[in-house]
Amino acid sequence: MSAEIRAWVEEYERKLRAEARTEGHREGHREGRNEGRAEEAARAVLTALRVRGIAVPDVARERILAEKDPETLERWHERAIVAASLAEVLDGLS
């Protein structure tokens, strides 16, 4: 392999590695942002329940804070605003 081709291949490999690092950074940033949004939504559910005077046992609090699905958290938040009990808010709570 000529020195010119070897230099081109090495430069190309450096660019690929740099792009992979950049993409990994973007993905990590995106994941962090999504986790932050989920935590904020979970706290909104807990706030609505607190304001409504609905007690939230530790197990339920942990379940709410562990939820990462935005649609589930939105559904729980909507229910928390009008529910009379925690069982009316959380899916499958017995």
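It should be noted that the structure appears before, not after, this text.
Source: prediction; values computed, not measured. (Residues numbered from 1 in each chain as written. Predicted model: local features only at pLDDT ≥ 70, side-chain atom pairs only at ≥ 80, totals over all residues. Heavy atoms only, no water.)

Caption draft 1: Layout of the nonpolar core. Formed by 17 residues in total, the largest nonpolar core has its most connected members in L49, I64, W76, V89 and L90. Put simply, the parts of the chain that give this core at least two residues each are α1 (3-51), α2 (58-66) and α3 (70-82). The leading source of residues in this core is α1, at six residues. Not counting the four nearest positions on each side in its chain, L90 is found in contact with A60, R63, I64, W76 and R79. (Core = buried A, V, L, I, M, F, W, Y, C linked by side-chain atoms within 4.5 Å. Buried < 20%, exposed > 50% of the residue type's maximum accessible area, 1.4 Å probe, protein only. Helix = DSSP H or I, 4+ residues; strand = E, 2+ residues; numbered from the N terminus. Contact = heavy atoms within 4.5 Å.)

Caption draft 2: Region of interest: the packing of aromatic side chains. Taken as a whole and judged by the stated rule, the model has one aromatic pair. Aromatic side chains W8 and Y12 sit 5.3 Å apart centroid to centroid with 5° between the ring planes, which places their arrangement in the stacked category. You can see W8 and its partner Y12 sitting in helix α1, four residues apart, about one turn around the helix. (Phe/Tyr/Trp six-rings, centres within 6.5 Å; stacked < 30°, edge-to-face > 60°.)

Caption draft 3: Main features of the pattern of salt bridges. If you walk through the whole model with that rule in mind, you get two salt bridges. Ionic pairing is found between E11 and R14, a salt bridge with its closest N-O pair at 2.8 Å. On the criterion of helical spacing, the pair formed by E11 and R14 is a turn pair, its members being three residues apart in helix α1. By relative accessible area, E11 is classed as partly exposed at 34%. Note that R43 and E39 form a salt bridge whose closest N and O atoms lie 3.7 Å from each other. (Salt bridge = Lys/Arg side-chain N within 4 Å of Asp/Glu carboxyl O.)

This is a description of form; function is not addressed.
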